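Architecture at a glance
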Amino acid sequence: YGSLLSPQPVVKTQDQFGNDSTNGSSGKTATLTLTGAGTLLGTFALDISSGTATFADLAVNEVGAGKILIATADGLTPADSSSFEVTQKPLTATVTANDKTYDGNSTAVVTATDISLGLVYGDVVTADTGTSTTFSDENAGTGKTVTATGITLSGAKATNYSFDGTGTGTADINQLVITVTPTVGQTKVYGSTDPVFTYDFTPALIDGGFTGALSRAGNDNVGIYAYTIGGLTAGSNYSLTLVSGTFEITQKDLTVTATGIDKEYDANTTATVNLLDNRVDGDNLTLGYTAVFSDNKNV
């Protein structure tokens, strides 16, 4: 259906012995008619004066078997072609689907089905959006295949086409955005290890959980530093958005211990001490001090 007859019909005149002949065909016109459902499209008649008429651009506009072409010319005996069949034209469909946000399932929404590319010119055939429409899987991604099944055709010419009821297209499943809010008031004392930063988040995860942890900018000196998303992730189906927040490193209380050193009597109260303190390893501190015996200069 929709294509030309192949091969195109050739009508010849013959004598009573079956030999090709031009006798009796001068000035005559050969006409083709069709039996069976439908009508012949294209050129119907050709000059057969030379004894041969080769038709071109002939097609049959109805699907079915048992079709026969009958060649006639005035004063000549008609001739029938062999029986032939016009088969359905295969159709394919493409679908238009909506993008969606990850929701843990593969359901899709198809808004349109297009079969126009395969239709014979002038045919009006429509297709619905099917009974089942799904993404290839439920995970987030771009350009994912959407398949619609159970698509049906309608229209007066629909029976001229074969169609498996399936259409495909593409659409995106976007990541679900999760808002992460660091807990207010998190601190540490200078020199200590960063804690595991706590946070709240919304909305709830559909599946899975978080791995990794929040991080922060800056160094290990006393100050206020902004949080970063760091290595925190909930997987490829989620996009994390961080609410701005700060973490504070507070001063460390320095404790100094003085241990006195014995001396021989020298008539004054001047003392010498050994100092110990709890500074962070690697920090250089200069401790200025004076030391005296607290009672008097005597032994």
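These notes cover the structure that comes with them. (Residues numbered from 1 in each chain as written. Predicted model: local features only at pLDDT ≥ 70, side-chain atom pairs only at ≥ 80, totals over all residues. Heavy atoms only, no water.)

**Things to note about the layout of surface pockets**
Here the largest pocket is characterised by a volume of approximately 770 Å³. Forming the boundary of the largest pocket are 35 residues, of which P9, V10, L32, L69 and S81 lie nearest the centre. Elements with a contribution of two residues or more to the lining of the largest pocket: β1 (10–12), β7 (64–72), β8 (79–80) and β9 (84–86). In this model, the second largest pocket occupies a volume close to 190 Å³. Lining the second largest pocket we find 14 residues, and of these K263, F293, K297, N298 and V299 sit closest to its centre. Residue composition of the lining of the second largest pocket, by class: four nonpolar, four polar and six charged. (1 Å grid on protein atoms, 1.4 Å probe; cavity = no way out; pocket = protein on both sides within 12 Å on 5 of 7 lines; lining within 4 Å. Points joined across faces, edges and corners; volume = space filled by probe spheres on them. Helix = DSSP H or I, 4+ residues; strand = E, 2+ residues; numbered from the N terminus. Nonpolar A, V, L, I, M, F, W, Y, C, P; charged D, E, K, R; others polar.)

**Thoughts on the packing of aromatic side chains**
Summed over all chains, the structure comprises seven aromatic pairs. Ring geometry for Y1 and Y161: centres 5.4 Å apart, planes at 85°, overall edge-to-face. Of this pair, Y1 sits in the segment before β1 while Y161 sits in strand β18 (residues 161–162), and the two are 160 residues apart along the sequence. For the pair formed by Y1 and Y161, the shared burial category is buried. Between the NZ or CZ atom of R216 and the centre of the ring of Y225, over which it lies, the distance is 5.2 Å. (Phe/Tyr/Trp six-rings, centres within 6.5 Å; stacked < 30°, edge-to-face > 60°. Buried < 20%, exposed > 50% of the residue type's maximum accessible area, 1.4 Å probe, protein only. Lys NZ or Arg CZ within 6 Å of the ring centre and 35° of its normal.)

**Overview of the pairing of β7**
Successive side chains on a regular strand alternate, one facing one side of the sheet and the next facing the other. Sheet topology note: the strand β2 (residues 29–35)/β7 ladder contains five bridges and is antiparallel. Following the sheet pairing, T35 is matched in β7 by I68. Summarising the sheet, β7 and β8 pair through two bridges and their orientation is antiparallel. Looking at the pairing, I70 lines up with D80 of β8. (Pairing = 2+ DSSP bridges.)

**Some words on the pattern of salt bridges**
Tallied over the entire structure, the rule returns ten salt bridges. Between K263 and D266 there is a salt bridge, and its shortest N-O distance comes to 2.8 Å. Measuring nitrogen to oxygen at the nearest pair gives 2.7 Å for the salt bridge that ties R279 to D277. We classify D277 as partly exposed; its relative accessible area is 24%. Connected through salt bridges with shared partners, the residues K188, D194, R216 and D220 form a single ionic network. (Salt bridge = Lys/Arg side-chain N within 4 Å of Asp/Glu carboxyl O.)

**Looking at the sheet that holds strand β22 (residues 199–202)**
Ordered by their spatial adjacency, three strands build an open sheet running β22-β20-β25, and the pairing between neighbours is mixed. Two strands lie at the open edges of the sheet, namely β22 and β25 (238–242), each paired on one side alone. Adjacent strand axes in the sheet meet at a mean angle of 30°, parallel and antiparallel pairs treated alike. The pairing of strand β20 (residues 176–182) with β22 spans four bridges and is classified as antiparallel. Directly across from T181, in β22, lies its bridge partner D200. (Axes fitted to C-alpha atoms, helices over the stretch in contact; angles between N-to-C directions.)

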